[in-house]
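Remarks on the overall topology
Here is what each chain is made of, one letter per residue.
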Amino acid sequence: MGGNSFNGFIKIYNLNDKELKSIKNSHIAYTIDSFYDKISSKNYLIVGNEGHITSYNSSNWREYYSYNDKDTYNFLYRPIIFEKDRVTKLIESTINGEIRIWDFNKRCILSKIKIGKEYGVGGICLWNDNYLFVASRNKAVNLVDLERNKIINQFKHYHGVSIVKKVYHPKYGECLISKETHDKNHKHFGLMKLWI
């Protein structure tokens with residue numbers, strides 16, 4: 001995806017504003033995060049590019065792997081990485097309405113979970129090692145059982161949902177916040193809901 005104004009470099013700075021490294025990135029990067037893999041005892045930089053996710057090994061800042069499924073296209077939301085049963089897993093949402101779960105170190109897809117056909121899915125939120133909440137453009141927040149790889153519940157909205165996040169409320173404890181997509185045509189700013 002060359003030739004647009006977003007291409008360039010990923011720059012790494014210390015807390016004193018000193019540039020430590022510049023990594024050439026030939027794709028449009030939307031999210032950048034870090035991850036410490038307890039299994040390999042290594043730090044990684046995780047870059048959510050348009051169309052795929054790239055991980056970089058922080059010991060040499062070289063590309064570790066590009067997570068790219070040719071059949072589908074990833075959405076522009078931050079992926080989730082976690083460890084379960086001695087396997088480091090990377091979860092991403094896609095524009096074709098599915099969730100992909102990768103083995104981070106073996107670089108293979110462990111499973112695909114279909115959420116909806118139209119408009120894709122939005123943000124994702126890991127509730128714990130067994131459950132994932134998925135914001136969906138089909139007017140729902142979906143609760144996915146990661147053991148069975150299927151939707152086990154839905155929480156309805158009036159419009160498509162783009163953001164879902166786990167928060168701690170001082171009165172109710174662990175809660176979920178979901179936000180609808182802003183829609184200029186329907187003149188709404190995106191209703192937020194707190195689920196307890």
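Note: the structure precedes this text.
This text gives an overview of the structure that appears in the document. The shown structure was predicted, so the numbers you read here are calculated from the model rather than taken from an experiment.

With that out of the way, let us pick up the overall build of the protein. Looking only at helices and strands, the protein features 0 helices and 17 strands. Scored against the burial criterion, the 196 residues of the protein give a buried share of 42%. The long-range share in the protein, meaning contacts at least 24 apart out of those at least 6 apart in sequence, stands at 33%. Taken as a whole, the protein presents about 11300 Å² of accessible surface, with 51% of it coming from carbon and sulfur.

Turning our attention to a nonpolar patch on the surface. Taken together, the side chains of Tyr 172, Leu 194 and Ile 196 make up a nonpolar region of the molecular surface, amounting to roughly 330 Å² of accessible area. Along the chain, Ile 196 falls in the segment after β17 (192-195).

Think of a sheet as strands paired side by side through backbone hydrogen bonds, with each pair either parallel or antiparallel. Strand order in the open sheet formed by 4 strands is β7-β8-β9-β10, with antiparallel pairing between adjacent strands. This sheet does not close on itself; its edge strands, each paired only once, are β7 (80-84) and β10 (108-114). Put simply, the sheet's adjacent strands are angled 25 degrees from each other on average, direction ignored. Bridge analysis of strand β9 (residues 98-103) against β10 gives 6 bridges, and the strand direction is antiparallel. The residue of β10 that forms the bridge with Ile 101 is Ser 111.

Turning to the environment of Ile 32, a few remarks are in order. The topology assignment puts Ile 32 in strand β3 (residues 29-37). Taking the C-alpha atoms as reference points, Ile 32 and Pro 79, 47 residues apart in sequence, are found 9.7 Å from one another. In this structure Ile 32 touches Ile 10, Leu 45, Ile 46, Val 47 and Arg 78, once residues within four positions along its chain are discounted.

Before going further, it helps to examine the side chain of Lys 89. Relative to the helices and strands, Lys 89 is located in strand β8 (residues 87-93). It turns out Lys 89 is buried and unbridged, and the closest side chain with the opposite charge, Asp 85, is 5.4 Å from it. Those residues within four positions of Lys 89 in sequence are excluded, and the remaining contacts are Ile 80, Ile 81, Phe 82, Lys 84, Ile 101, Trp 102, Phe 104 and Leu 110.

This paragraph deals with the sheet that holds strand β14 (residues 150-156). Reading across the sheet, the 4 strands line up as β11-β12-β13-β14 and stay open at both edges, with antiparallel pairing between neighbours. On the outer flanks of this sheet lie β11 (121-126) and β14, each paired with one strand and no other. Taken pair by pair, the neighbouring strands of this sheet meet at an average axis angle of 25 degrees, ignoring direction. Taken together, the 4 bridges between β11 and strand β12 (residues 131-136) define a ladder with antiparallel strand orientation. Bridged to Cys 125 within β12 is Phe 133.

Let us look at unusual backbone geometry. Trans peptide bonds make up the majority, and among non-glycine residues the majority have a negative phi. Phi angles above zero are rare outside glycine, and Asp 85 is one such case at about 55 degrees. A positive phi angle, near 65 degrees, is found at Arg 86, a position not held by glycine. Tracing the chain through its elements places Arg 86 in the loop between β7 and β8.

Reading the values: rules and limits
Residues numbered from 1 in each chain as written. Predicted model: local features only at pLDDT ≥ 70, side-chain atom pairs only at ≥ 80, totals over all residues. Heavy atoms only, no water. Helix = DSSP H or I, 4+ residues; strand = E, 2+ residues; numbered from the N terminus. Buried < 20%, exposed > 50% of the residue type's maximum accessible area, 1.4 Å probe, protein only. Contact = heavy atoms within 4.5 Å. Areas by Shrake-Rupley, 256 points an atom, 1.4 Å probe, with all protein chains shown as cover. Patch = residues over 30% accessible without salt bridge, like charges linked within 9 Å, V, L, I, M, F, W, Y side chains within 5 Å. Salt bridge = Lys/Arg side-chain N within 4 Å of Asp/Glu carboxyl O. Pairing = 2+ DSSP bridges. Axes fitted to C-alpha atoms, helices over the stretch in contact; angles between N-to-C directions. Lys, Arg positive; Asp, Glu negative; His and termini not counted.

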